[in-house]
Amino acid sequence: MTPPKRPMAVANQISSMLNQVLGVDRFPVNVQEVALEYTKQCFPDSPIAKIQGEAIDGFEGMLKANKAKTKWLIVYNDGTGSAGRQRFTVAHEFGHYMVHRELQDVFACNADDIATGERNKRDIEAEADQFASTLLMPYDDFRKQVDGQPISFDLIGHCANRYGVSLTAAALRWIDIAPERAILI
């Protein structure tokens, strides 16, 4: 049995490759293009072949393989939420592909599964969130953006804009690296 993949390590590996190819000012990550191209190059026998948006109530995202597991599909809800939320959902489903695809053929995620901020349990939804956060907002670059600055809505807004994510995702990332507690009201 192979050991479980570590979502942050996998995302950091992809992020390092993106730094080499595109440079450090490569944000926001074009997560759809990365997912399609990376899986085509690295996993040609079973890549993510299509990513599409659909307006479906009560649904955030899904990763699904065909019967032969030779192609994968990501579907995300483009009918609700911000563009940042949608990008995070695609990254979350890409995380399931990179870390969990050997476990099952279908991952269907609702709003409670994605970006919950619950980092204390080791389940596949939290791991997909970790992958998405790390890919879209790498710690090294995020630290450069916030280093030495007091927490503020402007700072979190700057990070959300830089990485193309929601304010909630940027705030959760800041909490991950914050040396002290803070409250924004």
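Only a predicted model underlies this, so the values are computations on that prediction, with no experimental measurement involved.

Draft legend 1. Geometry of the overall build of the chain. A count of helices and strands for the chain gives seven helices and four strands. The order of α-helices and β-strands along the chain, N terminus first, is α-α-β-β-β-α-β-α-α-α-α. Taken against the 2.2 N^0.38 rule, which gives 16 Å for 185 residues, the C-alpha radius of gyration of the chain at 16 Å falls within 12% of a compact globule. Counting only contacts in the chain whose residues sit at least 6 apart along the sequence, the fraction spanning at least 24 positions is 63%.

Draft legend 2. Representation of the packing of helix α6 (residues 153-163) against helix α7 (residues 167-177) in the model. It is at 8 Å that the axes of α6 and α7 come closest, and there the two elements cross at 110°. By the angle class used here, α6 and α7 are roughly perpendicular. Taken as a pair, α6 and α7 cross one another with a handedness that is right-handed. Across from Ile156, Gly157, Cys159 and Ala160 in α6, the residues of α7 making contact are Leu167, Ala170, Ala171 and Trp174.

Draft legend 3. Main features of the pattern of salt bridges. Scanning the entire structure with this criterion turns up seven salt bridges. A salt bridge links lysine 5 to glutamate 102; its shortest N-O distance comes to 3.6 Å. Of this pair, lysine 5 sits in the segment before α1 (7-22) while glutamate 102 sits in the loop between α3 (83-100) and β4 (106-109), and the two are 97 residues apart along the sequence. Among the salt bridges present, the one from arginine 173 reaches aspartate 176, with a minimum N-O distance of 3.5 Å. Note that arginine 173 and aspartate 176 are positioned in helix α7 at a spacing of three residues, about one turn of the helix. Among the residues examined, arginine 173 registers a relative accessible area of 2% and is labelled buried. Of the residues examined, aspartate 176 reaches a relative accessible area of 33% and is grouped as partly exposed. Bridged by salt links that share partners, the residues Asp25, Asp141 and Arg162 form one connected network.

Draft legend 4. Local environment of the sheet that holds strand β2 (residues 61-65). Taken in spatial order, the four strands make up an open sheet running β1-β3-β2-β4, and their pairing is mixed. Two strands lie at the open edges of the sheet, namely β1 (48-54) and β4, each paired on one side alone. When strand polarity is set aside, the average angle formed by the axes of neighbouring strands in this sheet is 15°. Pairing of β2 with β4, which is carried by four bridges, proceeds in the antiparallel orientation. Bridging from a neighbouring strand, lysine 64 pairs with valine 106 of β4. Lying over the sheet, helix α2 (residues 31-42) contacts β1 and β3 (72-77), oriented at roughly 160° with respect to β1.

Draft legend 5. Examining the packing of α2 against α3 more closely. The interhelical angle for the contact between α2 and α3, taken along N-to-C directions, is 20°, at an axis separation of 9 Å. In this view, α2 runs roughly parallel relative to α3, as classed from their interaxial angle. Handedness of the crossing formed by α2 with α3: left-handed. Where α2 abuts α3, its residues Val31, Gln32, Val34, Ala35, Tyr38 and Thr39 lie against Arg87, Val90, Ala91, Phe94, Tyr97 and Met98. Counted by class, the contact of α2 with α3 contains nine nonpolar, two polar and one charged residues.

Criteria and cut-off values
Residues numbered from 1 in each chain as written. Predicted model: local features only at pLDDT ≥ 70, side-chain atom pairs only at ≥ 80, totals over all residues. Heavy atoms only, no water. Helix = DSSP H or I, 4+ residues; strand = E, 2+ residues; numbered from the N terminus. Rg over C-alpha atoms; globule rule 2.2 N^0.38 Å. Contact = heavy atoms within 4.5 Å. Axes fitted to C-alpha atoms, helices over the stretch in contact; angles between N-to-C directions. Parallel < 35°, antiparallel > 145°, perpendicular 65-115°, else oblique. Left-handed = near helix turned anticlockwise from the far one by under 90°. Salt bridge = Lys/Arg side-chain N within 4 Å of Asp/Glu carboxyl O. Buried < 20%, exposed > 50% of the residue type's maximum accessible area, 1.4 Å probe, protein only. Pairing = 2+ DSSP bridges. Nonpolar A, V, L, I, M, F, W, Y, C, P; charged D, E, K, R; others polar.

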